[in-house]
Each structure stands twice: as structure tokens, then as C-alpha cells.
Amino acid sequence: MRSLHRTIDRATLRDIALVCAADALVGASFGAIATAGGLPAWLPIALSLLVFAGGAQFAALGVVLAGGSALAAVATGLVLNARLLLFGFALSDVVGGRWTRYLGAHLIMDEALAFTLRRRDPAGRRAVFRLCGLALFACWNLAVAAGALAGRSLHSTDALGLDAAFPAVLLALIFPALAAPAVRKAAALGAAAAVAAAPFLPAGLPVLLAPLALLLFRPARTEAAR
Amino acid sequence: MTLLAVLALAAGTYAFRVAGPLLAGRVTVPPRAERLLTAATAVLLAALVATSALLEGHAFAGWARPAGVAVAAALAWRCAPFPAIVLAAAATTALLRLAGVP
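Residues numbered from 1 in each chain as written. Chains lettered and ligands numbered in written order. Predicted model: local features only at pLDDT ≥ 70, side-chain atom pairs only at ≥ 80, totals over all residues.

Student: Any details on the overall build of chain A? Residues and values, ideally.
Tutor: From N to C terminus, chain A includes 12 helices and 0 strands. Starting at the N terminus and walking to the C terminus, you meet the elements of chain A as α-α-α-α-α-α-α-α-α-α-α-α. In terms of overall size, chain A behaves like a compact globule, its C-alpha atoms giving a radius of gyration of 18 Å where 226 residues would be expected to give roughly 17 Å. Based on the C-alpha atoms only, the size of chain A along its principal axes is roughly 55 × 50 × 30 Å. Residues counted as buried form 52% of the 226 residues belonging to chain A. Taking contacts inside chain A between residues at least 6 apart in sequence as the whole, the part at least 24 apart equals 71%. (Helix = DSSP H or I, 4+ residues; strand = E, 2+ residues; numbered from the N terminus. Rg over C-alpha atoms; globule rule 2.2 N^0.38 Å. Buried ≥ 20, exposed ≤ 12 C-beta atoms within 10 Å, placed from the backbone. Contact = placed C-beta atoms within 7 Å.)

Student: Any chance you could break down the domain arrangement of chain B for me, citing the residues and the numbers?
Tutor: Per the domain assignment, the segments making up chain B are domain 1 (1-57) and domain 2 (62-102). The straight-line distance from the C-alpha centre of domain 1 of chain B to that of domain 2 of chain B is 27 Å. (Domains from an automatic or database assignment.)

Student: Before we move on, can you summarise the domain arrangement of chain A with the specific residues and values?
Tutor: Residue and element names in this part refer to chain A. Each assigned domain of chain A is listed with its residue range as follows: domain 1 (2-177) and domain 2 (180-226). The C-alpha-based centres of domain 1 and domain 2 are spaced at 23 Å. At the junction of the two partners, domain 1 supplies 11 residues and domain 2 supplies 10 residues. Sorting elements by how many residues they give to the side of domain 1 that touches domain 2 places helix 5 (residues 70-81) first, with 5 residues. Grouping the constituent residues of the side of domain 1 that touches domain 2 by class yields 8 nonpolar, 3 polar and no charged. (Nonpolar A, V, L, I, M, F, W, Y, C, P; charged D, E, K, R; others polar.)

Student: Tell me about the nonpolar core, and name the residues and values.
Tutor: A165 and A168 of chain A together with V43 and V86 of chain B are the most contacted members of the largest nonpolar core, which totals 115 residues. Setting aside anything within four residues of it in sequence, one finds V43 of chain B in contact with V183, A186, A187, G190, A210, P211, A213 and L214 of chain A. (Core = buried A, V, L, I, M, F, W, Y, C linked by C-beta atoms within 7 Å.)

Student: Which residues make up the packing of helix 2 (residues 10-36) of chain A against helix 3 (residues 42-50) of chain A, and what are the values?
Tutor: All names here are of chain A. Following both chains from N to C, one finds helix 2 and helix 3 inclined at 145 degrees, their axes separated by 8 Å at the closest point. Between helix 2 and helix 3, the residues in contact are G27, F30, G31, A34 and T35 and L43, P44 and S48, respectively. A per-class count over the contact of helix 2 with helix 3 returns 4 nonpolar, 4 polar and no charged. (Axes fitted to C-alpha atoms, helices over the stretch in contact; angles between N-to-C directions.)

Student: Explain the UniProt feature "transmembrane region" (unreviewed entry) in chain B residue by residue, including any values.
Tutor: Under the present numbering, the feature "transmembrane region" (unreviewed entry) in UniProt falls on residues 39-63 and 75-96 of chain B. Each end of residues 39-63 of chain B is marked by a C-alpha atom, and these two atoms are 29 Å apart; helix forms 64% of the span and strand 16%. (UniProt positions renumbered as here; feature names shortened; annotations may be inferred.)

Student: Tell me what's going on with the UniProt feature "transmembrane region" (unreviewed entry) in chain A, and back it up with residues and numbers.
Tutor: Per the UniProt annotation, the sites labelled "transmembrane region" (unreviewed entry) are residues 12-35, 127-150, 162-183 and 189-217 of chain A. Annotated as residues 189-217 of chain A, this span is 48% helix and 0% strand, and its ends, taken at the C-alpha atoms, are 9 Å apart.

Student: Give a description of helix 8 (residues 110-117) of chain A that names residues and reports values.
Tutor: Residue and element names in this part refer to chain A. All of the buried residues along helix 8 are E111, A112, F115 and T116. With its buried residues spanning 125 degrees around the axis, helix 8 presents them on a single face. Next to the buried residues of helix 8 lie helix 2 and helix 9 (122-151). (Arc of directions from axis to C-beta.)

Student: How would you sum up the interface of chain A and chain B? Please name residues and give values.
Tutor: Counting residues at the interface gives 83 residues for chain A, matched by 60 residues for chain B. Element by element, the count of residues in the side of chain A that touches chain B is highest for helix 10 (residues 162-174) of chain A, at 13 residues. In the side of chain A that touches chain B, the residues fall into 68 nonpolar, 10 polar and 5 charged.

Student: I'd love a proper account of helix 4 (residues 82-98) of chain B, names of residues and values included.
Tutor: Residues and elements named next belong to chain B. Compared with an ideal rise of 1.5 Å per residue, which puts 17 residues at 24 Å, helix 4 spans 25 Å between its outermost C-alpha atoms and is within 8% of the ideal. Listed in full, the buried residues belonging to helix 4 are F82, I85, V86, A88, A89, A90, T92, T93, A94 and R97. Once helix 4 finishes, G100 follows within two positions and takes phi at roughly 100 degrees, a positive value. (Expected span 1.5 Å × (residues − 1).)

Student: Mind laying out the confidence of the model for chain B, listing which residues take part and the relevant values?
Tutor: Confidence in the prediction of chain B, expressed as mean pLDDT, is 90, and 100% of residues score 70 or more. With a pTM of 0.80, the predicted complex shows an ipTM of 0.83. (pLDDT = per-residue confidence, 0-100.)

Student: Account for unusual backbone geometry, naming residues and giving values.
Tutor: The backbone of F52 of chain A shows a phi angle near 45 degrees, a positive value even though the residue is not glycine. Here F52 of chain A is to be found in the loop between helix 3 and helix 4 (54-65). What makes F52 of chain A buried here is the crowd of 24 C-beta atoms within 10 Å. In this model, C79 of chain B sits at a positive phi of 60 degrees, which is unusual for a non-glycine residue. As for its placement among the helices and strands, C79 of chain B is situated in the loop between helix 3 (64-77) and helix 4.

In C-alpha cells form, the structure reads like this:
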């Protein structure tokens, strides 16, 4: 712990704790929404342990609860997680050694990337990635399990407003990316088209087709490179 | 959703994650592909926000949920901390439902 305090400053520790708290709230809602929706408790717990990607988990759950097929759920989750491929390249120096990288890779996610990229020194980068990744893995999975068990006694999570928590988190995550005008226009068009098409297409498909809006609004060279 | 679907999603996700650390140094991602993937993810997530805020299945979800998400958008725009955004969205929706808004 002493070496941890030397390499990671107090402000970073506080920020990581804040994000852990927020993700725990979201994780608990994920578990509760899944079991209150009639799914067995092992499903949200297994998804969280094995997939460990909030956006993809919620997207897959949304497709399943809306009556979509398992194939559409997997496809939606995989499209969302394709970004992890880029994160892996950006974080390749901190993920681990020859063997530990196979475990470290599982901790690659939005929050860990954001925190690690703020550091320049190799030791600090490795320490921040490890701490953020492990802390979030623990918080997320414990919260999902707690939510899944609590959700079984709830007939509906609607009274708690938990169904608004998920879009709120996604919105907070994509807000910085929407600063680029082309991305913002494509996002507005894609979102409008997805809502308009939702009554007519199988669940999950409208969202998968939304990125086609980028054919009309291409991100310029300087944009979208966060 | 079956165990097989969970495992398929998990395997695909792990492949995305582990490819970078294994291939870094031998392969570089062209900046154009990187820009496009970043933008595509943002657009897909925006569509997910819109459909999950407005719809329940194939029909309108009622006003309480989009109102909560609108409060979240306002707070995100003001750079509020993450937990505040999430709690405010859930609280707004819960209070509106308590007041009888569907």
C-alpha cells in the first residue's frame, strides 16, 4: 500500500473511488433490472464476471428483455465491445508481462483507459491501470450480485427509476465524444432513425444500424480523435 | 439468453481485449480506422441512449424515464460528477412516477 500511495496521488484515488461508487450503482441496477425482468440470477452475474463491460451487458440485456433473439443480443454486445480492440493497443504497455497480460487484458475498459491515459510515467501508468481495473472489477461484480439477489423480490424496478439510470450512464460516457460536430450530427441522425425504426424492426437491430449515419457525416481528420 | 450466448459474448469480448497487448509492436491501427471506430461507438451508444430512454419494447415508455434522462443530459453538460448524474436521473424518474406520471 505504501508504494501505491507514492505512485498514485490522492486526487486520482478519489476520482477512482467516485467512479467505483457510480459503477456500483449502475451494476446494482443492472442486476436488479435483469432479475426483476424474470431472468435467473446467474445470468447477470455470469455476464458481469465473464464479459465485464457495462455498456455491452446493458445492451444485451435490453435486447433480451425487449424480446429479441440471443443472436441479436450477442451481436449488439460485440459491436459495442469492438472499441476494446483499440483500447488494447493503447494500453498494451500496462496490461502485464508475458503471462499476466492474459489476466490483465480482462480489465481493459473505458474507465481504466481514461485514468491510465492521464499518466505519462510507465510505473504510474501500470499502477493506475491495475488499481482502477481491480477496484472496478470487484465493485462491479459485487454490486451486480447484490442487485440480482435484491431484484428477485422486486416486482418491478420502475418505482425506483432504475430504468433511467442506464441511459444516463451511457450519456455521461459519450458526452465528451459528442463535442466533435460530425459525430454529434451522425449521433443525432442515428438516434432519431433508430427510434423511428424500432416499432418495425426486431429488437436490437435499429441500434446496430445507427452507425450507418456516419456515411453522411464523416468525422474529419482532427475530430473524434480524443 | 442462454449460457451459450453469454459464453459467445464473453469469448468475442476477450478476443477484442487481448488482441492489442498480443499484437502491439507488430501491427499498428491506421488512424482512419481508429477515428471511424471511435465515432461509430459514440453513434451506436447515442442510439442506445435514445431507444432505451424513449421505448419499452416497441412502444413509447412514458414521460418519466425520458425526463430523468434529460436531467442527466443537463448535468453531464454541466460536467457534474458521475454518481450525481446517475442518482439524479433515477430520482427524477422515481419522483415523477410517484406523482402519477407514467
